Structure formats: structure tokens, C-alpha cells
There are 2 protein chains.
Amino acid sequence: MAGEEQQFLQDYAPREYPSVALTVDLVVFAVTGSTLQAAFVRRGGHPFKGSLALPGGFVGPNEDALTAAWRELEEETGLDLGAHRAHVEQLATYSSPKRDPRMRVVSVAHLALLATDGRTLPALDPGTDSAAAQWLPVYEVLAQETLAFDHREILTAALERLAGKIEYTLAAARLLPGEFALYQLRRVYQAVWNTDKLDAGNFTRKMTGALHDTGRKVARGKGAPAAVFTVRDEYLSPPMIRPAAES
Amino acid sequence: MAGEEQQFLQDYAPREYPSVALTVDLVVFAVTGSTLQAAFVRRGGHPFKGSLALPGGFVGPNEDALTAAWRELEEETGLDLGAHRAHVEQLATYSSPKRDPRMRVVSVAHLALLATDGRTLPALDPGTDSAAAQWLPVYEVLAQETLAFDHREILTAALERLAGKIEYTLAAARLLPGEFALYQLRRVYQAVWNTDKLDAGNFTRKMTGALHDTGRKVARGKGAPAAVFTVRDEYLSPPMIRPAAES
DNA sequence: TCAATAGTGTCTTTCAGACACTATCTC
DNA sequence: GAGATAGTGTCTGAAAGACACTATTGA
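Rules behind the numbers
Residues numbered from 1 in each chain as written. Chains lettered and ligands numbered in written order. Predicted model: local features only at pLDDT ≥ 70, side-chain atom pairs only at ≥ 80, totals over all residues. Heavy atoms only, no water. Helix = DSSP H or I, 4+ residues; strand = E, 2+ residues; numbered from the N terminus. Buried < 20%, exposed > 50% of the residue type's maximum accessible area, 1.4 Å probe, protein only. Areas by Shrake-Rupley, 256 points an atom, 1.4 Å probe, with all protein chains shown as cover. Near = heavy atom within 4 Å. Polar contact = N/O pair within 3.5 Å; in protein donor to acceptor, adjacent residues only side chain to side chain. Nonpolar A, V, L, I, M, F, W, Y, C, P; charged D, E, K, R; others polar. Salt bridge = Lys/Arg side-chain N within 4 Å of Asp/Glu carboxyl O. Phe/Tyr/Trp six-rings, centres within 6.5 Å; stacked < 30°, edge-to-face > 60°. Axes fitted to C-alpha atoms, helices over the stretch in contact; angles between N-to-C directions. Parallel < 35°, antiparallel > 145°, perpendicular 65-115°, else oblique. Left-handed = near helix turned anticlockwise from the far one by under 90°. Contact = heavy atoms within 4.5 Å. Pairing = 2+ DSSP bridges. Expected span 1.5 Å × (residues − 1). Arc of directions from axis to C-beta.

## Section: the overall build of chain A
- Along its length, chain A carries 6 helices and 10 strands.
- In chain A, which comprises 247 residues, the share counted as buried stands at 51%.
- Counting every atom, chain A has about 11,700 Å² of accessible surface; 50% of that belongs to carbon and sulfur.

Take a look at the structure:
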């Protein structure tokens, strides 16, 4: 049986059961202030020369897609993942036969959340082989830019996944250091939902139920010092519903 | 550029950037009474001979994964999809290099919801090429059966996806005809969540907000006749939270 | 002192959950 | 009539949203 299948693959795979090139694409999110940013690459060659694209690359012969996503995250951004907390999860697979005009490429898109202090973005190293990766504000890119391949669809799906996920989990804390103040977490929510309608007091009450108060305080320029929290429960119950989109 | 890439693929793809065989696996759900059922195939050959497996098959050269899933749904179950309402969506992609011991197979798993009248299951045609597909109760299978490959993981993910999705959408109605009574919808929820803790009165109040009352009634053996509804809003807001698991 | 911010108090409204109750059907 | 079911009424408690208010900081 096994031998038969392998023989079959060898002889007929390209015709009957075509093999495909497998890649990963990455939507890497990070937050500065109240702005959601993502990592993009400017394409230097055809097709879609000059357009923005998502970082990504081929899946190796002995990797699964998630492992490849972590590797590409490190390679394409030049980030030291030992120093930067990060979270990577699978988003969806894009398999339209014509999504890459050159050949059949099936891509497993991944969502990556990079922890920052909420003020500065991790420096992206251009690396040697790829075009320079750069941080750009997500909502502005979606409003103004042309994206290569089906990367607009992927980016939109990633944003919607993240926006939905922080409704019922503390995934937003993945975009912050292990210890953080509530105003930082609130700014992450505002960045992802692209809104400023979050009442600070109500937000505090809602979140403290799922957080652990370290007892320490953080001084931050003006205003009273904020308490420092860590995540206690990964899930919010009941969930925190997004405010309706601005009119 | 394009020629260069194609040349590259032709020469080096199997070594450097290996191509993979792409398949779809299907988790096909349907409901009878208050029991959630799924379609399974009993494996006739090695590996995992004798174990239950999910239906699936290869993705064709000019198909995307969703199209292949629809085709396999029709082929493997022998269902007439013109007569049966169905909903298919992508679930997740499984790409562990060793998930199939014979060769590298990457599978895009799909979730399929088949509409029934809530009493009888659509007959599954064994077809000619594959082992006979059969309906089996999902929770019993998960408790007792051995599943081939990583199909237990896929089935669990599909169940969780469905259980979560009916919290904030009316996806449960995809398992029913276009017109249905509230007791039918309630049984779908009970089947998916494997619970009997749904209060009929409160369920009615909650759901009628998102449904359209056709004004007609359905007589059903004992009890008062139930009103016939159709879906009006696909989304439930606020969502309907699952009761905590039974202890 | 003043402005800014963190966090609490309070009130209202919404809604889930429990459960009684009525209406309507079959047997 | 008896039993079963559909749907409403009603009460309670939880929690979201609006917003006032206090406390604590830097300038």
C-alpha cells in the first residue's frame, strides 16, 4: 500500500494529484501609542513591483508551517526572538490557483503578535536577501496602499481575527511586556479597534477581574501612578464587546 | 523574473523548496434529535487500518481548497448537494511533516454543516472508490474511538469551532432547513454543546430577536404548535454564552 | 496651584437565568 | 381530562455604559 502510493506520487503527482509549493505569509502586528502597526516589505521585482507585500517564505522539507513562520519571522525582520516576546498562530490558508501568476503557490498565513513597550517599535533589520522590512500603520495601509497578491485579503483577515480575539481573550497583552499598566492595555485595544471610545474607568473594572496586581506602581509623567499587572486568566468572561464602528 | 522562478522550481523545488501533496479533510456535521453526528470513513488499508478517518482527498491542479472540499463532500458522501443545503468553510491547515507516514501531505481541513430536518440523516452513498462513509455520534467517537492520522485533533478543532461559532452567530441554523421551529434550533445547540441545560423559555426570548417569524405554525405531535422562523440577522448580539461544562 | 491621569462610586439600563404560568395541542 | 409542549410574565442578580468624584502625580 505505502509503496504503491509512493510510486504513484512519483509517476503521476504533477499531472493527476499536483504537488504545490508551500509558503507561509506573516502578518506581524505591534503597537506604538494608540496605533496598530504591521511589518511590510516593498516588492522589488515583478509581479506587483513596487507594491507592499507581507513577509513570508517557503516551508522547508522538515518543517511544519508554524515552525516556518517562526523562522521567517526571525529571518525577514532580523528580530532577536530571544529578546522579544512574540506569539504566532495560524490564520488561514490561501490556495487560489492563480494567486501567484508565476506558479502554483499555496500559502499558510500566520498572525504574529510582537511585544513592545507601547512606545518604540523593534528595529527591523533589512537582512541581506530580502527588501527592507518596515513598520507601517495598518489602517492607513488598508485605506491607501496597493498590496501585492492576495495580501490585502490576508491582512484584513488578520486584523479581523485579532480584533475579534481580544474580545474574549487577553491576546492584547501579547503586544505588551509581561508586566504592564492598564493604560497600556487600553491603548492596545484602541489601536486594534481603531477607536477612542473606551472609558478608562469601566475598562479598569472589566480587566482587573482577569489580571493579577503585582502591587507595584509605574510613574508615567503626568497623573497618578498606575498599578502594574500581569495576566492571570487568558479568557475574559463575559467577553468585552467591541464598540460599534464610528460613523 | 517569472521565467527564472519557474526554472528554479523545475530544477530545485524537490530539494530546496520541496513541493508537497495538498489534500482536504472534511468534518461533516449533521444533527439528529439532540445528537451531533459526523461523517466518518473506516480505513481499509495501512496505515491506521481499521481506524476511523475523516473523508477527504487531493486538491486538483485548478482548484482551490474550498472547491476541492465541496467536490469531495459530494463524491465521498454521495450527497446531492442540489437537494441538501450545506455550508463549507475552512478550518485550519495541518502540515506536520510526519502526519502521514507514507509521504508529505499537507491537509487543509474544512468544516461542513449539512442541513437536515432534525430527525433523519441524509443517506451516505458508499460510492465506488472509497470505504463506506457512515454517520457516527461525535461525542461517542471522541470518547471511545481511535482516529487515523491527526484526525482526532482535526475533529476536536472542528467541534470547538462550531461550538464557539454558534455563540455569536446563527450558524446553528445551517444544520436545519431554511424554515424551522425554535425547538429544532434549541436541539441543535444542545447537540453541539452536549448539554440539556437550555431553558426553552429563555432560549425563545433570546433567539426571536435575530429571527423572522413567518406567521405559520408547525404541529408536532404533543404540545402546542410552534411558530416557524427564518434567519433574519446572522449575528447574535450580545452573544449567547455556552453553559459551563457538566461536572 | 493647576492640569493630567488612575481608579472608585453610583446610577441606569440591559439581559441572562430561574421558574411560574397560561395557552394549545395530542391521546 | 391528562400530559406534553410553546411561549410569556416576572423576579433577581450580573454587568455594561455613562459619568461624577477622589486621589495622586508632575510642572
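Structure's up, so let's keep going.
## A word on the protein's contact with DNA strand D
- If you check the shell around DNA strand D, you find 22 residues, and the closest are Asn202(A), Lys206(A), Gly221(A), Tyr183(B) and Ala227(B).
- Within 4 Å of the protein, the atoms of DNA strand D are drawn from sugar and phosphate moieties in a proportion of 62%.
- The separation between a phosphate oxygen of DNA strand D and a polar side-chain atom of Lys206(A) is 2.4 Å.
- Contacts to DNA strand D include Ala224(B), whose backbone N or O atom sits 3.2 Å from a base oxygen.
- For the surface near DNA strand D, the class distribution of residues is 9 nonpolar, 6 polar and 7 charged.

## As for the protein's contact with DNA strand C
- As a matter of local geometry, DNA strand C sits amid 23 residues, with Tyr183(A), Ala227(A), Asn202(B), Lys206(B) and Gly221(B) nearest to it.
- Near the protein, within 4 Å, the atoms of DNA strand C are sugar or phosphate in 63% of cases.
- In the environment of DNA strand C, a phosphate oxygen lies 3.4 Å from a nitrogen or oxygen atom belonging to the side chain of Arg186(A).
- At 3.4 Å from a base oxygen of DNA strand C is found a main-chain nitrogen or oxygen belonging to Ala224(B).
- Within the residue set of the surface near DNA strand C, elements represented by two or more residues are helix 5 (182-193), helix 6 (200-208) and strand 10 (226-231) of chain A together with helix 6 (200-208) of chain B.
- For the surface near DNA strand C, the residue count by class is 9 nonpolar, 6 polar and 8 charged.

## Looking at the pattern of salt bridges
- Inspection of the entire model under this criterion finds 24 salt bridges over all chains.
- Taking the shortest distance from any N to any O, the salt bridge between Asp100(A) and Arg102(A) comes out at 2.7 Å.
- Owing to a relative accessible area of 9%, Asp100(A) belongs among the buried residues under this scheme.
- Accessibility expressed as a relative area gives 14% for Arg102(A), which makes it buried.
- As a salt-bridge pair, Glu167(B) and Arg242(B) come within 3.3 Å of each other at their nearest N and O atoms. Highlighted residues: Glu167(B) in helix 4 (residues 151-168) and Arg242(B) in the segment after strand 10 (226-231), separated in sequence by 75 residues.
- Taken together, the shared-partner salt bridges connect Glu63(A), Arg71(A), Glu72(A) and Glu75(A) into one network.

## Focus on the packing of aromatic side chains
Residues and elements named next belong to chain A.
- Applying the stated criterion to the full structure yields 6 aromatic pairs over all chains.
- Plain terms: the ring middles of Tyr189 and Phe203 are 5.5 Å apart, the flat faces sit at 70 degrees to each other, and that makes the pair edge-to-face. One end of the pair, Tyr189, is in helix 5; the other, Phe203, is in helix 6, with 14 residues separating them in the sequence.
- For Phe203, a relative accessible area of 1% translates into the label buried.
- Through successive ring pairs, a cluster of aromatic residues spans Tyr189, Trp193 and Phe203.

## A short note on the packing of helix 4 (residues 151-168) of chain A against helix 5 of chain A
All names here are of chain A.
- Running from N to C, helix 4 and helix 5 cross one another at 140 degrees; their axes reach a closest spacing of 9 Å. The angle between helix 4 and helix 5 places the two elements in the oblique class. The handedness of the crossing between helix 4 and helix 5 comes out as left-handed. Note on element contacts: helix 5 touches helix 4 through Tyr189, Val192 and Trp193, opposite Leu159, Leu162, Ala163, Ile166 and Glu167.
- Of the residues assigned to the contact of helix 4 with helix 5, the class counts are 7 nonpolar, no polar and 1 charged.

## Section: the sheet that holds strand 9 (residues 211-218) of chain A
All names here are of chain A.
- Spatially, 3 strands are ordered 8-10-9 in an open sheet, and the strand pairing comes out antiparallel. In this open sheet, the two strands that pair with only one neighbour each are strand 8 (180-181) and strand 9.
- Note that strand 8 and strand 10 share 2 bridges and pair antiparallel. Counted as the bridge partner of Ala181 is Val228 from strand 10.

## Details of helix 2 (residues 65-77) of chain B
Residues and elements named next belong to chain B.
- Across its 13 residues, helix 2 extends 18 Å between first and last C-alpha, which sits within 8% of the 18 Å expected from 1.5 Å per residue.
- When helix 2 is considered as a whole, its buried residues turn out to be Ala65, Ala68, Ala69, Glu72, Leu73, Glu76 and Thr77. For helix 2, the angular spread of the buried residues around the axis is 145 degrees, confining them to a single face.
- Summarising the contacts, the buried residues of helix 2 are in contact with strand 1 (19-32), strand 2 (35-42), strand 4 (56-58), strand 5 (86-94), strand 6 (105-114) and strand 7 (133-137).
- Gly78 occupies a position one or two residues after helix 2 and carries a positive phi of about 70 degrees.

## Overview of the environment of Glu89(A)
Residue and element names in this part refer to chain A.
- Position of Glu89 relative to the elements: it lies in strand 5 (residues 86-94).
- Separated by 63 residues in sequence, Glu89 and Leu26 place their C-alpha atoms 9.8 Å apart.
- Residue contacts for Glu89: discarding those within four places in its chain leaves Leu66, His110, Leu111, Arg161 and Lys165.
- A distance of 3.0 Å separates the side chain of Glu89 from the side chain of His87, its partner in a polar contact.
- Polar side-chain contacts of Glu89 include one of 3.0 Å to the side chain of Arg161.

Function cannot be read off these values alone, since they describe shape.
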